[in-house]
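# Coordinate analysis (summary)
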Amino acid sequence: MRDAADQFDDARLLLDAQPHGSGFLLPLLNNAVVALELYLKSLGAVTVHTPVPGSPGDSIVTAEAEVKGHGLIDILESVPDDI
C-alpha cells in the first residue's frame, strides 16, 4: 500500500515538473489525492500473514487497509491513537 502511494506521489512530482499551463493540473491533483488517501490508509493498515504453500511456518507478510471505502472520517478513525 505504501509502495502504491509512493508511485502516485512520484507521478504527481513528474506532472508538477511540467511547465505552468501545460494542462496537467487535474491529473496532478488526482494523483496527489490518491497518494494522500493511500498514505492515510497505510497508517491504519493491518498486517496479513499468508502461509507459503510447501513451507511450513513461513508466510508472506503484507498490509491491508482496514477501511475499504474512501470516506475520510472512516480512514482517519482507522488510524491508531498512538500514531
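Residues numbered from 1 in each chain as written. Predicted model: local features only at pLDDT ≥ 70, side-chain atom pairs only at ≥ 80, totals over all residues. Heavy atoms only, no water.

## Comments concerning the pattern of salt bridges
One pass over the full model with this rule turns up four salt bridges. For R12, the salt bridge identified is with D9, shortest N-O distance 2.7 Å. Pair noted here: R12 and D9 are both in helix α1 (residues 2-16), with a separation of three residues, about one helical turn. Note on R12: relative accessible area 22%, which makes it partly exposed. The salt bridge involving E64 is made with K68; its shortest N-O contact spans 3.1 Å. (Salt bridge = Lys/Arg side-chain N within 4 Å of Asp/Glu carboxyl O. Helix = DSSP H or I, 4+ residues; strand = E, 2+ residues; numbered from the N terminus. Buried < 20%, exposed > 50% of the residue type's maximum accessible area, 1.4 Å probe, protein only.)

## Re the packing of α1 against helix α2 (residues 25-43)
At their nearest, the axes of α1 and α2 sit 8 Å apart, and the two run at 155 degrees to each other. Accordingly, the angle class assigned to the pair α1 and α2 is roughly antiparallel. For the element pair α1 and α2, the recorded crossing hand is left-handed. Mapping the contact onto sequence places R2, A4, A5, D6, F8, D9, A11, R12, L15 and D16 in α1 and P27, L28, N31, A32, V34, A35, L38 and Y39 in α2. Among the residues forming the contact of α1 with α2, the class breakdown is twelve nonpolar, one polar and five charged. (Axes fitted to C-alpha atoms, helices over the stretch in contact; angles between N-to-C directions. Parallel < 35°, antiparallel > 145°, perpendicular 65-115°, else oblique. Left-handed = near helix turned anticlockwise from the far one by under 90°. Contact = heavy atoms within 4.5 Å. Nonpolar A, V, L, I, M, F, W, Y, C, P; charged D, E, K, R; others polar.)

## Looking at α2
Here α2 is 19 residues long and its end C-alpha atoms lie 27 Å apart, about the 27 Å a rise of 1.5 Å per residue gives. Looking at α2, one finds that the buried residues are L28, N31, A35, E37, L38, L40 and K41. In this structure, the buried residues of α2 make contact with α1 and α3 (72-78). (Expected span 1.5 Å × (residues − 1).)

## Here we look at the side chain of S78
Assignment of secondary structure puts S78 in helix α3. Beyond its immediate chain neighbours, meaning those up to four positions away, S78 contacts G44, E66 and V67.

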